[in-house]
Amino acid sequence: MEFIKTRTYQNLANAFAGECQAGMRYQMIAKLAMKEEMKTLADTVKTIAKNETLHATQFFNAMLKNGGSRENVKLDAGYPFHAGTLVEGLQFAESDETDEATEIYPTFAKIAEEEGFMDIAGLFKLVAEVEKHHKAIFHYLANAVKDGTLYKNESPIIWVCSECGHQHVSTEAWKVCPLCKAKQGYVELHLPFEGVKL
Ligand SMILES: [Fe+2]
Ligand SMILES: [Fe+2]
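About the thresholds
- Residues numbered from 1 in each chain as written.
- Chains lettered and ligands numbered in written order.
- Predicted model: local features only at pLDDT ≥ 70, side-chain atom pairs only at ≥ 80, totals over all residues.
- Heavy atoms only, no water.
- Donors = N, O, S within 2.8 Å, 3.2 Å for Na, K, Ca; no water.
- Helix = DSSP H or I, 4+ residues; strand = E, 2+ residues; numbered from the N terminus.
- Buried < 20%, exposed > 50% of the residue type's maximum accessible area, 1.4 Å probe, protein only.
- Axes fitted to C-alpha atoms, helices over the stretch in contact; angles between N-to-C directions.
- Parallel < 35°, antiparallel > 145°, perpendicular 65-115°, else oblique.
- Left-handed = near helix turned anticlockwise from the far one by under 90°.
- Nonpolar A, V, L, I, M, F, W, Y, C, P; charged D, E, K, R; others polar.
- Phe/Tyr/Trp six-rings, centres within 6.5 Å; stacked < 30°, edge-to-face > 60°.
- Pairing = 2+ DSSP bridges.
- Core = buried A, V, L, I, M, F, W, Y, C linked by side-chain atoms within 4.5 Å.
- Domains from an automatic or database assignment.
- Contact = heavy atoms within 4.5 Å.
- Salt bridge = Lys/Arg side-chain N within 4 Å of Asp/Glu carboxyl O.

With that settled, the discussion passes to the coordination of the iron ion (ligand 2). Coordination of the iron ion (ligand 2) by the protein is provided by Glu 52 (OE), Glu 97 (OE), Glu 97 (OE), Glu 131 (OE) and His 134 (ND1), with metal-donor distances spanning 1.9 to 2.4 Å. Ordering the donors of the iron ion (ligand 2) by residue number gives the pattern E-x44-E-x33-E-x2-H. The two metals, the iron ion (ligand 2) and the iron ion (ligand 1), are separated by 3.7 Å and share Glu 52 as a common coordinating residue. Of this pair, Glu 52 sits in helix H2 (residues 39-67) while Glu 97 sits in helix H3 (residues 86-114), and the two are 45 residues apart along the sequence. You'll find Glu 52 and Glu 97 in the same group, each marked buried.

Given below as structure tokens:
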């Protein structure tokens with residue numbers, strides 16, 4: 001069968017569109033975070049947005065390599081469309097990442113295997129692993145922002161100012177950096193690493 005008529009081709013096209021949109025949605029969340037002067041959180045979300053655009057590029061390249069250029073590709077899929085507060089945005093992102101990591105990409109990988117496209121199945125699996133890690137980060141951020149614990153820890157840990165590098169070990173980060181006067185939102189985050197295969 002011609003590659004462009006396979007389910008895998010359509011799945012790549014849907015995944016490409018989905019990743020482009022996720023990248024855009026996360027940029028909007030980062031902007032919202034900056035409005036609240038949460039610089040390091042915004043930077044973290046921007047990094048994830050960049051990851052998504054790189055995933056989009058990989059899916060695009062797989063379409064191009066196997067199917068060539070085309071005038072038009074029809075998409076037929078549902079895509080998340082939601083907005084809200086920063087916490088809500090982070091929660092929506094967690095839920096979207098969960099769907100990608102546990103349902104969408106594993107299913108796309110299985111279909112690619114059934115259709116005999118092992119390299120594309122491998123790509124979907126690798127991306128799913130990253131989305132699992134993204135899910136863990138959004139889960140942590142959503143809860144920490146909601147509960148006001150982003151800059152607190154039960155035992156003393158090191159806090160580092162992303163602006164001037166000032167460091168201090170404590171159960172809670174400073175409200176204003178004693179060295180450069182940057183706000184708390186500029187303190188480096190302590191992100192979780194769940195989802196990473198060791
Ligand atoms: Fe992605
Ligand atoms: Fe992701």
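Additional details are given in the paragraphs that follow.
The contact between helix H1 (residues 7-35) and H2 brings their axes to 8 Å, and the two run at 165 degrees. Between H1 and H2, the angle falls in the class roughly antiparallel. Between H1 and H2 lies a crossing of left-handed hand. For the contact of H1 with H2, the residue count by class is 22 nonpolar, five polar and four charged.

In this section: the packing of aromatic side chains. Throughout the structure, instances matching the rule amount to ten aromatic pairs. On the basis of an interplanar angle of 85 degrees and a centroid distance of 5.0 Å, the ring pair of Phe 3 and Phe 117 is categorised as edge-to-face. With Phe 3 in the segment before H1 and Phe 117 in the loop between H3 and helix H4 (118-147), this pair connects stretches of sequence that are 114 residues apart. On the accessibility criterion, Phe 3 (10% relative accessible area) is buried. Taking relative accessible area as the criterion, Phe 117 reaches 18% and is therefore assigned buried. An angle of 50 degrees between the planes, with centres 5.3 Å apart, marks the rings of Phe 16 and Phe 60 as tilted. Taken as a pair, Phe 16 in helix H1 and Phe 60 in helix H2 lie far apart in primary sequence, 44 residues in all. Overall, Phe 16 belongs to the partly exposed group, its relative accessible area being 27%. Taken together, Phe 59, Tyr 105, Phe 108 and Phe 124 form an aromatic cluster joined through their ring pairs.

With five bridges joining them, strand E1 (residues 152-160) and strand E2 (residues 167-172) adopt antiparallel strand pairing. Among the inter-strand pairings, Val 160 is bridged to a residue of E2, identified as Gln 167. Between the end of E1 and the start of E2, which pair antiparallel, lie six residues, with Gly 165 showing a positive phi angle near 85 degrees.

The biggest cluster of nonpolar side chains holds 32 residues, and the ones touching the most others in it are Tyr 26, Leu 41, Val 45, Leu 90 and Leu 150. Secondary structure elements with two or more residues in this core: H1, H2, H3 and H4. Counting residues per element, this core draws most heavily on H4, which supplies six residues. If you count residues domain by domain, this core takes at least three from each of domain 1 (3-147) and domain 2 (152-186). Setting aside anything within four residues of it in sequence, one finds Val 45 in contact with Tyr 26, Ile 29, Ala 30, Leu 90, Phe 138 and Leu 141. Of all hydrophobic cores here, the second largest spans 19 residues; its members include Phe 59, Phe 108, Phe 117 and Phe 124.

With that settled, consider the pattern of salt bridges. Applying the stated rule across the entire model yields ten salt bridges. Across the pair Glu 129 and Lys 132 runs a salt bridge whose closest N-O atoms are separated by 3.5 Å. Of this pair, Glu 129 and Lys 132 both sit in helix H4, three residues apart, which is roughly one turn of that helix. Classification of Lys 132 as partly exposed rests on a relative accessible area of 35%. Where Glu 172 meets Lys 175, a salt bridge forms, and the shortest distance between an N and an O atom there is 3.3 Å. Look at Lys 175 and you get exposed, because its relative accessible area is 56%.

Nothing here speaks to function; it is geometry throughout.
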